[in-house]
Amino acid sequence: MAAQADTCVFLFTEKNNERILKMTEKIKAIAMGVNIKNSEDNFDYMMEELKGLAIACDMEVVGELAQNLDHINKAHYIGSGKIEELKGLIEFTGAEVVIANDELSPSQIRVLEDELNIRVIDRTMLILDIFAQRARTREAKLQVDVARLQYLLPRLIGQKDYDQQGGREGLHNRGAGETKLELDRRRIEDKIASLKKELENLGYQRETQRSKRKKSGLPLVSLVGYTNAGKSSIMNALVEMYGSAQDKKVFEKDMLFATLETSVRKIDLPDRESFLLADTVGFIYKLPHNLIKAFRSTLEEVVDSDLLLHVIDYSEANHEKFIEVTEETLREIGADGIPVIQVFNKTDLTDTEMPLVVNNRVYLSAKERIGIKELVQLISDEIFKDFVECEMLIPYDQGQILSYFHENAHVLKIEYEEEGARIILECKESDYEKYQDYSVSRIK
Ligand SMILES: Nc1nc2c(ncn2[C@@H]2O[C@H](COP(=O)(O)OP(=O)(O)OP(=O)(O)O)[C@@H](O)[C@H]2O)c(=O)[nH]1
Ligand SMILES: [Mg+2]
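Since this is a predicted model, take the numbers as computed values, not measurements. As a convention, each chain's residues are numbered from 1 in the sequence order in which they are written. Both sets of labels track the order of writing: A upward for chains, 1 upward for ligands. Local features in this predicted model are restricted to residues of pLDDT 70 or higher, and side-chain atom pairs are both shown and tallied only at a pLDDT of 80 or more, whereas totals for entire chains, interfaces and linings draw on every residue. Side-chain numbers come from the whole structure's heavy atoms, not from hydrogens or water.

A. Representation of the sheet that holds strand β10 (residues 356-358). If you trace the 7 strands from one edge of the open sheet to the other, you get β6-β7-β5-β8-β9-β11-β10, paired in mixed fashion. Edge positions in the open sheet fall to β6 (263-268) and β10, since each of these has one partner strand only. Taking each pair of neighbouring strands and ignoring which way they run, the sheet shows an average axis angle of 25°. What makes two strands pair is DSSP finding at least two bridges between them. Starting at the N terminus, helices and strands are each numbered in turn, a helix being any DSSP run of H or I of at least four residues and a strand any DSSP run of E of at least two. Across 5 bridges, the pairing between strand β5 (residues 220-225) and strand β8 (residues 307-313) is parallel. Bridge pairing in β8 places Ser-222 opposite Leu-308. Every angle, taken between N-to-C directions, lies between 0 and 180 degrees, and every axis is a line fitted to C-alpha atoms, over only the stretch in contact when it is a helix.

B. Geometry of the packing of helix α4 (residues 80-93) against helix α5 (residues 106-116). As a packed pair, α4 and α5 sit with axes 10 Å apart at the nearest point and diverge in direction by 55°. In terms of their interaxial angle, α4 and α5 are classed as oblique. Like other packed secondary-structure pairs, α4 and α5 cross with a definite hand, here right-handed. Facing α4, whose interface residues are Ile-83, Leu-86, Lys-87 and Ile-90, α5 presents Leu-112, Glu-115 and Leu-116. Of the residues assigned to the contact of α4 with α5, the class counts are 5 nonpolar, no polar and 2 charged. For this classification, under 35 degrees means roughly parallel, over 145 means roughly antiparallel, 65 to 115 means roughly perpendicular, and everything else is oblique. Crossings are sorted by hand: turned counterclockwise from the far helix by less than a right angle, the near helix makes the crossing left-handed, and turned clockwise it makes it right-handed. Note on definitions: a residue-residue contact is assigned when non-hydrogen atoms from the two residues lie within 4.5 Å. Each residue is assigned to one of three groups, with Ala, Val, Leu, Ile, Met, Phe, Trp, Tyr, Cys and Pro labelled nonpolar, Asp, Glu, Lys and Arg labelled charged, and all others, Gly among them, labelled polar.

C. The site of ligand 1, seen in detail. Taken together, 23 residues sit near ligand 1, with Lys-231, Ser-233, Ala-258, Thr-259 and Asp-348 positioned nearest. Any pair of nitrogen or oxygen atoms within 3.5 Å is treated as a polar contact; in protein, a donor-acceptor pairing is required on top of that, and neighbouring residues in sequence qualify only through side-chain atoms on both sides. Within the side chain of Ser-233, one N or O atom sits 2.6 Å away from an oxygen atom of ligand 1. Within the side chain of Asn-345, an N or O atom sits 3.0 Å from a nitrogen atom of ligand 1. Its free accessible area being 660 Å², ligand 1 has 92% of it covered by the protein chains. By residue number, the principal contributor to the shell around ligand 1 is helix α9 (residues 231-242), which donates 3 residues. Among the residues making up the shell around ligand 1, the classes are represented as 7 nonpolar, 9 polar and 7 charged. Think of it this way: one heavy atom of a residue within 4 Å of a molecule or strand is enough to make that residue near it. Methods summary: accessible areas were calculated by the Shrake-Rupley approach with a probe of 1.4 Å, and residue burial reflects only the protein chains presented.

D. Inspection of unusual backbone geometry at higher detail. Cis geometry is found at the peptide bond from Met-354 to Pro-355, where omega equals 0°. Looking at where Pro-355 falls in the secondary structure, it is placed in the loop between β9 (340-345) and β10. With phi around 65°, Tyr-77 is a residue other than glycine that occupies positive phi space. Position of Tyr-77 relative to the elements: it lies in the loop between β2 (59-69) and α4. With a phi close to 50°, Asn-359 is a non-glycine residue in the positive phi region. Looking at the secondary structure, you find Asn-359 in the loop between β10 and β11 (361-363). A relative accessible area of 69% means that Asn-359 is categorised as exposed. A simple rule labels every residue: compare its accessible area, found with a 1.4 Å probe on the protein chains alone, to the largest value its type can have, and call it buried under 20%, exposed over 50%, or partly exposed in between.

E. Fine view of the packing of helix α11 (residues 296-303) against helix α12 (residues 319-333). For the pair α11 and α12, interaxial distance at closest approach is 10 Å and the crossing angle is 105°. The angle between α11 and α12 falls in the class roughly perpendicular. The segment α11 lies against α12, with Arg-296, Leu-299, Val-302 and Val-303 engaging Leu-330, Glu-332 and Ile-333. When its residues are assigned to classes, the contact of α11 with α12 shows 5 nonpolar, no polar and 2 charged.

F. How the structure looks around the packing of aromatic side chains. Here a pair means two rings of Phe, Tyr or Trp (six-membered ring of Trp) with centres within 6.5 Å. Their orientation is stacked below 30 degrees between planes, edge-to-face above 60, and tilted elsewhere. According to the stated counting rule, one finds 11 aromatic pairs in the structure shown. Here Tyr-404 and Tyr-435 contribute two aromatic rings whose centre-to-centre distance is 5.9 Å and whose plane-to-plane angle is 50°, an arrangement assigned as tilted. Linking Tyr-404 in helix α14 (residues 399-408) with Tyr-435 in the loop between α15 (429-434) and β15 (439-442), this pair joins segments that are 31 residues apart in sequence. A residue is classified by how much of its surface remains accessible, and Tyr-404, at 27% relative accessible area, is partly exposed. Taken together, the ring pairs connect Tyr-45, Tyr-226, Tyr-285 and Phe-322 into an aromatic cluster.

G. Region of interest: the pattern of salt bridges. The term salt bridge refers to a pairing of a side-chain nitrogen on Lys or Arg with a carboxyl oxygen on Asp or Glu at a separation within 4 Å. According to the stated counting rule, one finds 23 salt bridges in the structure shown. The salt bridge partner of Glu-240 is Arg-369, with a shortest N-O separation of 2.8 Å. Of this pair, Glu-240 sits in helix α9 while Arg-369 sits in the loop between β11 and α13 (372-383), and the two are 129 residues apart along the sequence. Judged by relative accessible area, which is 43%, Glu-240 ranks as partly exposed.

The following block contains the structure:
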């Protein structure tokens, strides 16, 4: 429980008594949302998801309030009449927090809190809190901290004047008081700057790893998709079937944002071709921009990929919308334009027969390990499509070509003969053309 109090910084206060109280009780929350007319978003799903986010942040959802509007109310998110209804609901349920389904402006929060007399938070804050709870590595923690402070900065400044009006206690004391930064804009800015600097240093290390990986010449394939779609499960299925024995499995679990860090594993296919597979953080509706920016370095793996496996929870009625959200986020990080295989996972929970391959789509079940071979075939066809299999004879005074092929191609066989090294290899079409003078025969 202690960890929970440490991590939900937006929700817990420094004041000892209250902190202990909140550690033993779940905070009661009301989920509120505005259903904008003619919007393409699936409002009901988003509200369910919002409740899921609240539960993941260890709250108890005791009520829900939805309003149909042409547009969001600029001053107080929901309409004035609805605020009265919300007050009644708060009184009836004893709720301590109201959560908005959209990101609120600092002034909207201020006005609503003034009206309602309890804390008002939003979807963005919940997502940031969950990320904070899940972050394990130094880099992930720093990235989340930067995003949270950036989110907090304008809101604390707005809050300052408001608090000076006095008379607010308990939950109204800003949770992030723990950081003791709240009334000091400069200190927050300095903190952000120093965190970014530390991140930059870590970035150099990551860069070294990346260039090492590039040197290995192995294609990089990344798993991307909505949170909880089964990306890590697919990674584990592939590692189990084609990874090396010492490769550890990655964490898979039925919860939002189980994965925050990128993990890379080497997959060796039966025909001796290999590639690197990266598991990455999941996406969600309205993933906060600050968070995407902060996670840019983690997501560089995705941007660098030769191929993306877009994993979709096919059992989820809303999956078409998830596809859109993922595609939008990929555009935002600059990973559009990379070839994609759509992996419809959890087909075991649907009526569709599997395994099934339709063009660049595969319907499978990571859980039941059905369709994994078909997926691997699709991957292999895509990443090795412009590879040539050939035989070459490299004279001994051209040692640098041989090392180039060792690093950038798959040398399948090598024999040292009098005139040079006779190799059978798979290499890129462009490399084959470049070194054609040494070619003995083209096999494929
Ligand atoms: N029925 C069924 N469940 C699956 C399948 N694949 C994954 N799951 C379950 O779905 C849940 C989420 O799986 P993960 O692999 O952790 O999902 P993820 O996409 O990595 O999620 P994040 O890391 O949160 O983005 C787990 O409870 C899995 O057991 C499948 O093929 N069928
Ligand atoms: Mg995962």
